[in-house]
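Here's the letter readout for the chains.
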Amino acid sequence: MDIIVAADAPLVESLKTSSADGVIFGVAPFAQRFRENYKPSRLRELLKDVSGAGFDVWLAMNAIIHEEELPQVKQTLEALRGVSASGLLFADLAIIRLAKAVGLELPLIYHPETYVTSAADVRALAAAGVDVHVLARESTLEGIERIAEETDAKLAFVGHGHLNMFHSRRHQLSLFAEQQQQSPPARGIVHYIREHSREGRCPIYEDARGTHIFRPHPSAAFQAVESFKNHLDFLIVDSLLLEDAAVLTAVEDYARARSGQTIKGDYRQYDSGFLFEQTGLKPGGRS
Amino acid sequence: MARPELLAPAGDLERLKVAIRYGADAVYLGGKSFSLRARASNFTLADIAEGVRHAHARGARVYVTTNILPRPGELDGFCDYLAELERIGIDGLICASPGIIQLALQHSSLPVHVSTQQSLTNSEAVNFWYSRGVERVILARELSLEEIRTLRARTGVELEAFVHGGMCASYSGKCTLSNTLAARDANRGGCAHSCRWAYELLGPRLESRFEDAFSLSAKDLQAIQEVPELYSLGIDALKIEGRMKSVHYVATVVNTYRRLIDTLHAGEPLKLKTFLEEIAKAENRPTASGHLRGTPTRDAQLFSRDARRPIQRFAALVRDYDTERGEAVLEQRSPFRVGDTLEVLSPDLPGETITISELRDEAGIPIAVARHPRQRLRLRTDVALKPYDILRKQAPNSIATTRKT
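Just so we're clear, the structure is a prediction, and the values are computed from it rather than from any experiment.

**Q** With reference to specific residues and values, describe the overall build of chain B.
**A** The number of helices and strands found in chain B is 10 helices and 21 strands. The C-alpha radius of gyration of chain B comes to 22 Å, within 12% of the 22 Å expected for a compact globule of 405 residues. Each of the three principal axes of chain B carries a C-alpha extent, and together these read 60 × 60 × 45 Å. Within chain B, the fraction of its 405 residues that count as buried is 62%. Long-range contacts, defined as pairs at least 24 residues apart, comprise 68% of the intrachain contacts of chain B with a sequence gap of at least 6. With an accessible surface of roughly 15200 Å², chain B has 47% of that area assigned to carbon and sulfur atoms. Treating the 55 positive side-chain charges of chain B as one cloud and the 50 negative ones as another, the clouds have centres 3 Å apart.

Right, here's the structure in full:
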C-alpha cells in the first residue's frame, strides 16, 4: 500500500524527505479541491524537481466538465503528452475518451468520489480502460475489503483529510450575500455552516466551479491500515484545509502503521469517515 | 420535428394510472429493490406487471429505476430481477451505477437509460456510455439550454432533460451531505434532504444566524417557458420529477406539459401565460428555471424568507361516474362545501366547472361540508366525469364558465 499525498509545491518540498510514496498535483484549470493547480508548463518543472525523490506523481483533472470546456480539456491533455507522471486522476468519463483521442498514455485513475461502490463498478470501469479505481468516499472498511476480494484491479481510497460531501454548480455563498445585500466573498475563502441540532461546523467555500462543502472534521484511517495493507494499492492523504505540519505527521504515522509501529500524532479532532459508520435509509442510519 | 416523450413519475399504481390518463407517454417507477426513493411506495413485481399491462394497453411505456449506487452484496439477485423485468415486458431501465449499467447491458436486452444521478454534463461523457450500448442519457440538471443544444448536435444517443420538479442543490449522485449529517445514504435511497435545512453561516466575510438562516436549497424546476426551445433543439424526452408527489400534482403537471407539447407540435399559437397559470396550481414549493437559462441567480434559490406554501386546491378525486343517474362518486382530499364552485381537471373537459348544489355521503345522507379526508361522497352532476378526473377549488378571479348541478 503506497501513501499518496495531494499536494502543492511548498508541501512537496517537505514531502521529499518524508515516507510518502507519491504525490498528486492539480492540473489547471481542470482540477478541483486542491490547494493549488498548475498549468502543464509549470507541472513539467515540478516533475523535474521531484524526479530525484522517487515519487509516483499523479496529475489530477477531476473537474466535472461542461460542454464548452471540451476543447480546452483536449488542449490540456495534449500538453501533458510525454510528461513523466505515473497516472492521470479524473472524475469525468469524458477524460477516458479524450485522453485516448490525443494519445496520452498515462494510466487512468478514476476518482468520481461516489460511483465506485461495488466490485461490479470496478469491473465495468476496468473494461473501459481504467487502471486504478478510487473507491467511494462513503465506503465502509468491510465494503472495501469485499471489493478487493472480488476484483484484481488496483484500488485506492482517500483515507485522510477533509472529505468533500457536497458540490454545487451554484455559487451558494455569493447568492446568499446578494440576498443579504452584501458583497460576495472572495473565491476560496473558507466559511463554515452549522445545523443547530448537530455538532461540528462544516467548511464551505466557492471557486470557479461552484460551492464545495466538507465534513465537519477531517478523517483519519489509522485503525484500518492493517486491513488496507492487504486490500488497497494506494492510500490517499488529502492535504486540503490541513496545515503542512499535520499532513507530514500523518504521512509518517501511516508509514509507521504500515510497518506495525505505534503512531505518534494526536488525532482527537479527527473522525474515521464512513469506515466504521452505520448509515442506512432511515433516521439513525437504520435500513 | 419529432414530438418528445413526456415522462412522468409513478409513485404507485394509482399515480401511474393518473399520469397516463393525463397524457404521459411514459412513466418511471421504482421496484422494491435497487431503486432510490426508499420512502416512495415502490412497486412489487406484480404491481410492475399490472402497471405495464395498463400502460401498454394505452400506448404508454414503463421504465423501471435501478438507480442506487449499491454497496458490496447489494447486487445479489440483480440478474434474476433483470430477467423478471424483461419477462414482464418493461420498456427500459434507468441506471446510475457503472456496474449496474454494465450488468444490464450484458445480461438483458432491455434498453438502458443512464440516470441523471451520473451527472453527465458533456458530449464526451455522454458518448462514453452511448458507445457502450446505452439507449438514452438523462442529462444533468446543471445544464443550460445552450449547453444542451451543443450537446444534442454532438451525440446520436437519445437525450432526456428534466423540466419539472425538485432539484438537487448538489450535482446529483455526488452528494453525501445526508450520509454525513443524518447517517442516511443519499445514493441508496435514504436522502434526508439536508440541503434544505437551515444553517448558521459563520464568517470571515458573511455571517448569518438561525433567525435569518443560510440555505443551500434550490427552488423546484419549472420549465414551461423553456420547453419550446427544448422542443426545437430536438430533445427526445421531457421528464417530470416527483415519485413522492400527490395524484393532484401528477395530474396537473402532466396535463399542462401534455397540452404544451401538443400545442407546439401542432404549430398552433402558444399562450404561455395560460400554461404558467395552470402549472402554478400544482406547486407545493416555489419554482424557477434552474440552470436552463444559465447560472442560477438569487431568484432561483429558496432562502428561508421565501419559503411560502401555495394554497392547496385539490378538493376531490373522481372515483366513478354513473351516466344514467348523473352521479359521481368522489373521494375527498381537502374540505369543500355546498355552494362552492369546483374546477374540473380532466383531459376531456378543459375549462369545465361545477357548482355544488347538493352533496351526500356514501349512505346517501345530505351533508353541507366535505371535511373528512378520503371520505367517499356522491355528487349529482350532468358533467360526464371519468375516474381520475379531479375537482379543485377555483382560483380567485377565474373566468371559466360555471355549470350548476
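**Q** So, the interface of chain B and chain A: which residues are in play, and what are the values?
**A** Every contact between the two is made by 82 residues of chain B and, on the other side, 73 residues of chain A. Of the roughly 6700 Å² buried at the junction of chain B and chain A (both faces included), carbon and sulfur atoms supply 57%. Of all residues in chain B, B:Y171, B:K174 and B:L206 give up the largest surface area on contact with chain A, accounting jointly for 10% of the area buried on that side. Inspection of the region where chain B meets chain A yields 4 salt bridges. At the junction of chain B and chain A, the tally comes to 38 residue pairs in polar contact (both at pLDDT 80 or more).

**Q** An account of the packing of helix α3 (residues 70–79) of chain A against helix α4 (residues 94–102) of chain A is requested, with residue identities and associated values reported.
**A** All names here are of chain A. Close contact between α3 and α4 brings their axes to 9 Å; oriented N to C, the two are set at 55 degrees. Relative to α4, the element α3 lies oblique. Remark: the crossing between α3 and α4 carries right-handed chirality. Seen from α3, the contacting residues are L70, V73, K74, L77 and E78; seen from α4, they are A94, I95, L98, A99 and V102. Classifying every residue of the contact of α3 with α4 gives 8 nonpolar, no polar and 2 charged.

**Q** Account for α3(A), naming residues and giving values.
**A** Regarding α3(A), the residues found buried are A:L70, A:V73, A:T76 and A:L77. Along α3(A), the residues classed as buried sweep out an arc of 120 degrees about the axis, all on the same side. Turning to α3(A), the residues buried within the fold contact β2 (22–27), α2 (40–50), β4 (56–61), β5 (87–90) and α4 of chain A together with α5 (123–132) of chain B.

**Q** Got a sec to walk through the side chain of A:D8? Specific residues and values, please.
**A** Residues and elements named next belong to chain A. The residue D8 is located in the loop between β1 (2–6) and α1 (9–15) in this model. A polar contact of 3.2 Å, which involves the side chain of D8, links it to the backbone nitrogen of L11. Leaving out residues up to four positions away in the same chain, D8 has contacts with F25, R35, E36 and Y38.

**Q** Give a description of the nonpolar core that names residues and reports values.
**A** Membership of the largest hydrophobic core comes to 171 residues, with the highest contact counts inside it found for A:L59, A:L88, A:F228, A:Y254, B:I48 and B:Y257. Of the residues forming this core, the biggest block, 10 residues, is contributed by helix α9 (residues 247–266) of chain B. In contact with A:L88, not counting residues within four places along its chain, are A:L59, A:M61, A:L77, A:L80, A:I95, A:L104, A:L106, A:P107, A:L108 and A:I109.

**Q** Provide a residue-level description of the sheet that holds strand β8 (residues 200–202) of chain B, including the pertinent values.
**A** In space, the 5 strands of this open sheet follow the order β9(A)-β12(A)-β11(A)-β10(A)-β8(B), with antiparallel pairing throughout. The open sheet is flanked by β9 (164–168) of chain A together with β8 of chain B, the only strands paired with a single partner. Neighbouring strand axes in the sheet, compared pairwise and without regard to direction, differ in orientation by 25 degrees on average. In the sheet, β9(A) pairs with strand β12 (residues 210–214) of chain A via 4 bridges, with the strands oriented antiparallel. In the sheet register, A:S168 faces β12(A), and the bridge partner there is A:T211. Across the sheet, helix α7 (residues 172–179) of chain A touches β9, β10 (191–194), β11 (202–207) and β12 of chain A together with β8 of chain B, and the angle it forms with β11(A) is around 90 degrees.

**Q** Would you mind going over the confidence of the model for chain B in detail, with residue names and values included?
**A** Residue and element names in this part refer to chain B. When pLDDT is averaged along chain B, the result is 91; 93% of the residues meet or exceed 70. Here residues 397–405 is modelled with pLDDT under 50, and outside its nearest four sequence neighbours on either side it reaches 23 contacts, counting other chains as well. Per the prediction output, this complex has pTM 0.94; the corresponding ipTM is 0.96.

**Q** So what about the domain arrangement of chain A? Which residues, and what values?
**A** All names here are of chain A. Assigned domains of chain A: these are domain 1 (2–163 + 218–258) and domain 2 (165–214). Between domain 1 and domain 2, the C-alpha centre-to-centre distance is 25 Å. The partner domain 2 presents 9 residues to the 14 residues of domain 1 that form the contact. A combined buried area of about 1000 Å² lies between domain 1 and domain 2, and 52% of that area is made up of carbon and sulfur atoms. Looking at the side of domain 1 facing domain 2, the largest losses of area belong to R33, L163 and L241, adding up to 42% of the total buried there. Viewed at the interface, domain 2 and domain 1 are joined by 2 salt bridges. For R169, the salt bridge goes to E68, with nearest N and O atoms at 3.7 Å. One can count 5 residue pairs in polar contact (both at pLDDT 80 or more) joining domain 1 with domain 2. Of the residues belonging to the side of domain 1 that touches domain 2, the class tally is 7 nonpolar, 3 polar and 4 charged.

**Q** Let's hear about α5(B): which residues, and what values?
**A** Spacing of three or four residues puts side chains on the same side of an α-helix, whose turn is 3.6 residues. Residue and element names in this part refer to chain B. Across the 10 residues of α5, 7 count as buried, placing the element largely inside the fold. Capping of α5 at its N-terminal end is provided by N122; its side-chain oxygen lies 3.0 Å from the backbone amide nitrogen of E124. G133, located one to two residues past α5, shows a positive phi value of around 115 degrees.

**Q** Describe in detail the pairing of strand β7 (residues 158–165) of chain B, supporting the description with residues and values.
**A** Residue and element names in this part refer to chain B. Burial within β7 is extensive, with 7 of its 8 residues counted as buried. Relative to β7, strand β6 (residues 136–138) is paired through 3 bridges, and the arrangement is parallel. The residue of β7 that forms the bridge with R136 is E158. Here 4 bridges tie β7 to strand β10 (residues 237–240), and the two strands are oriented parallel to one another. Note on β10: the bridge partner recorded for H164 is I240. With 2 bridges joining them, β7 and strand β9 (residues 220–222) adopt antiparallel strand pairing. By the bridge assignment, G165 is partnered in β9 with L221.

Thresholds, definitions, all that
Residues numbered from 1 in each chain as written. Chains lettered and ligands numbered in written order. Predicted model: local features only at pLDDT ≥ 70, side-chain atom pairs only at ≥ 80, totals over all residues. Heavy atoms only, no water. Helix = DSSP H or I, 4+ residues; strand = E, 2+ residues; numbered from the N terminus. Rg over C-alpha atoms; globule rule 2.2 N^0.38 Å. Buried < 20%, exposed > 50% of the residue type's maximum accessible area, 1.4 Å probe, protein only. Contact = heavy atoms within 4.5 Å. Areas by Shrake-Rupley, 256 points an atom, 1.4 Å probe, with all protein chains shown as cover. Lys, Arg positive; Asp, Glu negative; His and termini not counted. Charge placed at Lys NZ, Arg CZ, Asp CG, Glu CD. Buried area = accessible area lost by both parts, 1.4 Å probe. Salt bridge = Lys/Arg side-chain N within 4 Å of Asp/Glu carboxyl O. Polar contact = N/O pair within 3.5 Å; in protein donor to acceptor, adjacent residues only side chain to side chain. Axes fitted to C-alpha atoms, helices over the stretch in contact; angles between N-to-C directions. Parallel < 35°, antiparallel > 145°, perpendicular 65-115°, else oblique. Left-handed = near helix turned anticlockwise from the far one by under 90°. Nonpolar A, V, L, I, M, F, W, Y, C, P; charged D, E, K, R; others polar. Arc of directions from axis to C-beta. Core = buried A, V, L, I, M, F, W, Y, C linked by side-chain atoms within 4.5 Å. Pairing = 2+ DSSP bridges. pLDDT = per-residue confidence, 0-100. Domains from an automatic or database assignment.

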